[in-house]
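# Geometric and topological summary
So you can see what is in the structure, the chains are spelled out below.
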Amino acid sequence: VVRTLYRFYPLQPGRCALLLGEQQVLRVQVVPGAVPEAAAQVELQPLKAEFAGAVALEGYRLEGEGLVPGARLCLTLAWRSLRPLPVPYVVFVHLLGEQLNAAQGNFLWGQHDGQPVGGQRPVPSWRPGERILDEHCFQVLPGAPAGQYLVEVGLYDGTTGERLPVTDGGEGDRIIVTSVAIGAP
């Protein structure tokens, strides 16, 4: 038996069908507001930040116990659209250490870059006022030294690499969401 969990975020209200291959397995009615209300029920650490006055970062949830090199770290972000954006921005989540990662020539010890909700909810599909829950998981790199690490988040244009500026709740083009301790292996 194999179990898989999928989260669906319909783009608009109405009747929807879930297909497995070409066979319909479920039919549902999506009502206005159902997705944002469901997103509001997830327990998050509050956060207040805005990118380009268009996207708010309202909270996060960090999952990962007994973090050591090679462990999996998952960060769920709660975004809120403030106004439409036509660019399919990429979300980046970086784990930054105090020590240089000589293999990469930077302080990065883990990362995930990707479209929101695993590509299912690109930024241009966000409606003003809508709340989007967006999970990013990655591995703490093997060889990461024990110590404190920062978790930073931001958005960038996948074509140009240009990051969205922080316009509230921080400076520059990234937000430090939290810090985590990485133990010895």
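Residues numbered from 1 in each chain as written. Predicted model: local features only at pLDDT ≥ 70, side-chain atom pairs only at ≥ 80, totals over all residues. Heavy atoms only, no water.

### Describing the sheet that holds strand S5 (residues 72-81)
Spatial strand order, S8-S5-S4-S3-S10: five strands in an open sheet with antiparallel pairing. Edge positions in the sheet fall to strand S8 (131-139) and strand S10 (166-168), since each has one partner strand and no second. Averaged over all neighbouring strand pairs, the angle between strand axes comes to 35 degrees, with direction disregarded. Where strand S3 (residues 45-51) and strand S4 (residues 55-63) come together, five bridges link them in antiparallel fashion. Along S4, the bridge assignment pairs Pro46 with Gly59. (Pairing = 2+ DSSP bridges. Helix = DSSP H or I, 4+ residues; strand = E, 2+ residues; numbered from the N terminus. Axes fitted to C-alpha atoms, helices over the stretch in contact; angles between N-to-C directions.)

### Some points on the nonpolar core
Grouped together as the largest cluster of nonpolar side chains are 35 residues, with contacts concentrated most on Leu77, Trp79 and Leu95. For this core, the secondary-structure elements that each account for two or more residues are S3, S4, S5, strand S6 (90-101), S8, strand S9 (147-156) and strand S11 (175-182). Apart from residues no more than four positions distant in its own chain, Trp79 is found in contact with Phe51, Val55, Ala56, Leu57, Val91, Trp126, Glu130, Arg131, Ile132, Asp134, Val153 and Leu155. (Core = buried A, V, L, I, M, F, W, Y, C linked by side-chain atoms within 4.5 Å. Buried < 20%, exposed > 50% of the residue type's maximum accessible area, 1.4 Å probe, protein only. Contact = heavy atoms within 4.5 Å.)

### A look at the state of the cysteines
Taken as a whole, this structure holds one disulfide when the rule is applied. Here Cys74 pairs with Cys137 through a disulfide, and the sulfurs are 2.0 Å apart. In this structure the cystine formed by Cys74 and Cys137 twists about its S-S bond by roughly 115 degrees; its chirality is therefore right-handed. Of this pair, Cys74 sits in strand S5 while Cys137 sits in strand S8, placing them 63 residues apart in sequence. Look at Cys74 and you get buried, because its relative accessible area is 8%. (Disulfide = S-S within 2.5 Å.)

### A word on the pattern of salt bridges
Under the definition given, this model contains eight salt bridges. Here Arg127 ties to Glu130 by a salt bridge, and the two come within 3.7 Å at their closest N and O atoms. The residue Arg163 makes a salt bridge to Asp173 at a minimum N-O spacing of 3.2 Å. Highlighted residues: Arg163 in the loop between S9 and S10 and Asp173 in the loop between S10 and S11, separated in sequence by ten residues. (Salt bridge = Lys/Arg side-chain N within 4 Å of Asp/Glu carboxyl O.)

### As for the side chain of His94
Position of His94 relative to the elements: it lies in strand S6. At 2.8 Å, the side chain of His94 and the side chain of Glu152 are in polar contact. Each residue touching His94, except ones within four places of it in the same chain, is listed here: Leu108, Gly110, Gln111, Asp113, Leu150, Val151, Glu152 and Arg163. (Polar contact = N/O pair within 3.5 Å; in protein donor to acceptor, adjacent residues only side chain to side chain.)

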